[in-house]
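# Coordinate inspection notes
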Amino acid sequence: MRIATWNVNSLKARMPRVEEWLAYAEPDVVCLQETKLADSAFPGLAFGALGYEAAHHGEGRWNGVAILSRVGLDDVTDGFDDDGEPDPEARLLWATCGGVRLASVYVPNGRALEHEQYDYKLSWLERLRANLSRVHDPAASLLIGGDFNIAPTDDDVWDPARFVGATHTSDAERAALAALLDWGLADTFRGYHSEPGLFSWWDYRAGNFHKRQGMRIDLLLATAPLADSVTFALIDRQARKGKLPSDHAPVLIDIDIDPS
DNA sequence: ATGGTCGCGCAGCGA
């Protein structure tokens with residue numbers, strides 16, 4: 001079973017690249033982020049023609065998450081499963097695909113350490129962690145794929161010195177991510193590839209992609225039953241090349257389980 | 001060169 005995550009930075013702008021990528025990467029399940037679409041504008045029929053069921057949780061101009069699956073798509077819910085106020089932004093979507101409960105997440109960027117969006121980012125991550133403790137079991141199959149807007153370690157940043165005092169590498173953000181891992185999730189890509197300098201996002205500006213100046217912020221986190229069954233992991237740099245790319249590359253893993 | 005590019009939507013913000 002091949003599971004991928006990809007921040008497409010506008011599905012409307014990216015649809016030709018997404019269709020091309022589905023055809024050659026042949027994922028079974030895809031978590032998409034930053035669709036930037038209202039639900040009414042989501043191209044579900046186009047995905048259906050390619051053999052994928054699809055669910056979308058959008059708000060329009062910003063954010064928006066989706067799940068595509070060719071191994072079944074059931075029990076779709078959006079947002080947090082708790083007693084709190086609904087998240088005002090469309091950043092979380094759940095579904096069961098091929099017997100795996102999974103989420104597509106678009107963690108808030110944070111903007112700057114002193115910005116209120118940074119506090120939103122930290123509280124958003126804590127709320128996700130609390131949701132795991134409340135509803136889920138780390139001994140069961142669970143996957144959370146998405147743009148976490150956090151580089152887990154300095155090995156995941158092209159120049160850590162440049163991010164001192166900025167978001168994505170701060171101690172508090174890394175602690176919030178570590179709390180998710182401590183609950184019982186593993187960074188599956190990192191479990192398969194240990195070397196530094198493997199990135200999933202590169203700023204559009206200044207030829208950063210071609211200078212290999214990026215960060216690894218797109219993660220596929222999974223509980224042990226899935227993480228222990230990973231047979232392949234890849235960041236598809238090919239999808240970041242060429243005409244009208246997203247600024248993120250897809251990340252994918254193969255898991256040796258039978259979809260059920 | 002002390003910026004650089006996208007997407008949205010039509011100015012300037014967010015990433």
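Before any of the text, the structure's been laid out above.
In this numbering scheme, every chain counts its residues from 1 along its sequence in written order. Chains carry letters from A onward and ligands carry numbers from 1 onward, assigned in written order. Given that this is a predicted model, residues contribute local features only at a pLDDT of at least 70 and side-chain atom pairs are listed and counted only at 80 or more, while totals for whole chains, interfaces and linings are drawn from all residues. As a rule here, side-chain values come from all non-hydrogen atoms in the structure, and water together with hydrogens is ignored.

Attention now goes to the overall build of chain A. Scanning chain A from N- to C-terminus turns up six helices and twelve strands. For the radius of gyration, the atom set is restricted to C-alpha positions; the globular benchmark scales as 2.2 Å times the number of residues to the power 0.38. Its C-alpha atoms give chain A a radius of gyration of 17 Å, within 12% of the compact-globule value 18 Å for 260 residues. Once the C-alpha set of chain A is aligned to its principal axes, its extents read approximately 45 × 45 × 35 Å. Any residue under 20% of the maximum accessible area for its type is buried, any over 50% is exposed, and the rest in between are partly exposed; the area is computed with a 1.4 Å probe on protein chains only. Across the 260 residues of chain A, 55% fall into the buried class. In this analysis, two residues are considered to be in contact whenever any of their non-hydrogen atoms come within 4.5 Å of each other. Partitioning the contacts of chain A with sequence separation of at least 6, the portion at a separation of at least 24 is 71%. Working note: accessible area of chain A is about 11,100 Å², and carbon and sulfur atoms make up 50% of it. Here chain A carries 25 positive and 40 negative side-chain charges, and the mean point of each set is 9 Å from the other. Elements are defined by DSSP. Helices are runs of H or I of four residues or more, strands are runs of E of two residues or more, and each kind is numbered from the N terminus. Method for areas: the Shrake-Rupley scheme with a 1.4 Å probe, in which residue coverage is limited to the protein chains shown. Charge counting follows a simple rule: Lys and Arg are positive, Asp and Glu are negative, and His as well as the terminal groups are ignored. Where a charge sits is defined by one atom per residue type, namely NZ (Lys), CZ (Arg), CG (Asp) or CD (Glu).

Looking now at the sheet that holds strand 4 (residues 65-69). Strand pairing is assigned whenever DSSP identifies at least 2 bridges connecting the two strands. Here we have six strands laid out as an open sheet, ordered 3-4-2-1-12-11, and mixed in their pairing. A strand with exactly one partner marks an edge of an open sheet, and here the two such strands are strand 3 (53-57) and strand 11 (230-235). The mean inter-strand angle of the sheet, taken between neighbouring strand axes irrespective of direction, is 10°. Alignment of strand 1 (residues 2-7) against strand 2 (residues 29-33), held across five bridges, turns out to be parallel. Residue pairing across strands places I3 opposite V29, the latter belonging to strand 2. Strands in contact with helix 1 (residues 11-25) are strand 1, strand 2, strand 4 and strand 12 (251-255); relative to strand 1, the strand with the most contacts, it is inclined by about 160°. Axes, fitted as lines to C-alpha atoms, cover a helix only where it is in contact. Angles between the N-to-C directions of the axes lie from 0 to 180 degrees.

Attention now moves to the protein's contact with DNA strand B. Proximity is defined per residue: any heavy atom of the residue falling within 4 Å of a molecule or strand makes that residue near it. The environment of DNA strand B is formed by N9, S10, R14, R61, N109, R111, Y204, R205 and A206. Counted by atom, the contact set of DNA strand B within 4 Å of the protein is 68% sugar and phosphate. A 3.5 Å cut-off defines polar contacts: any pair of N or O atoms within that distance qualifies, except that in protein one atom must be a possible hydrogen donor and the other a possible acceptor, and neighbouring residues in sequence count only when both atoms are side-chain atoms. The contact in question runs from a phosphate oxygen of DNA strand B to an N or O atom on the side chain of S10, over 2.3 Å. At 3.1 Å, a side-chain N or O of R14 approaches a phosphate oxygen of DNA strand B. Residues were grouped as follows: Ala, Val, Leu, Ile, Met, Phe, Trp, Tyr, Cys and Pro as nonpolar; Asp, Glu, Lys and Arg as charged; and all remaining residues, including Gly, as polar. For the surface near DNA strand B, a count of residues per class yields two nonpolar, three polar and four charged.

On to the pattern of salt bridges. The working definition used for a salt bridge is a side-chain nitrogen of Lys or Arg within 4 Å of a carboxyl oxygen of Asp or Glu. Following the criterion strictly, the structure yields 14 salt bridges and no others. Linked through salt bridges whose partners overlap, the residues forming this network are D156, D187, R190 and R216.

Let us now look at the packing of helix 3 (residues 116-135) against helix 4 (residues 171-184). Where helix 3 contacts helix 4, the two axes come as close as 10 Å, and the packing angle between them is 10°. With respect to helix 4, the axis of helix 3 lies roughly parallel. Contacts between helix 3 and helix 4 involve Y118, K121, L122, L125, L128, R129, L132 and S133 from the first element and A172, E173, A176, A179, L180 and W183 from the second. Here the residues of the contact of helix 3 with helix 4 are counted per class, giving ten nonpolar, one polar and three charged. Orientation is classified from the angle alone, with under 35 degrees giving roughly parallel, over 145 giving roughly antiparallel, 65 to 115 giving roughly perpendicular, and any other angle giving oblique.

The next subject is the nonpolar core. We define a nonpolar core as any set of buried Ala, Val, Leu, Ile, Met, Phe, Trp, Tyr and Cys residues linked to one another through side-chain atoms lying within 4.5 Å. Grouped together as the largest cluster of nonpolar side chains are 29 residues, with contacts concentrated most on I3, V29, I67, C97, L102, L143 and I253. Listed by contribution, the elements that provide at least two residues to this core are strand 2, strand 4, strand 6 (92-97), strand 7 (100-106), strand 10 (218-222), strand 11 and strand 12.

To continue, consider helix 1. To estimate the expected span of a helix, count its residues, drop one, and scale the result by 1.5 Å. Its 15 residues place the ends of helix 1 only 18 Å apart at the C-alpha level, less than the 21 Å of an ideal helix rising 1.5 Å per residue. The angle between axes fitted to the seven-residue stretch ending at a residue and the seven-residue stretch beginning at it gives the bend at that residue. Taking the largest bend as the criterion, helix 1 deviates by roughly 35°, centred on R17. Restricting attention to buried positions, one finds in helix 1 the residues L11, R14, M15, R17, V18, W21, L22 and A25. Looking one or two places after helix 1, you find E26, whose phi comes out positive at around 50°.

What follows covers unusual backbone geometry. Of note in the backbone geometry, N9 takes a positive phi value of approximately 50° without being a glycine. Examined against the element boundaries, N9 turns out to sit in the loop between strand 1 and helix 1. We classify N9 as buried; its relative accessible area is 14%. Its identity as a non-glycine residue notwithstanding, D75 has a phi of 50°, on the positive side. With respect to the helices and strands, the residue D75 is situated in strand 5 (residues 74-78).

Here helix 4 is 14 residues long and its end C-alpha atoms lie 20 Å apart, about the 20 Å a rise of 1.5 Å per residue gives. Residues of helix 4 that are buried: E173, R174, A176, L177, L180 and W183. Elements that come into contact with the buried residues of helix 4 comprise helix 3, strand 8 (142-147) and strand 10.

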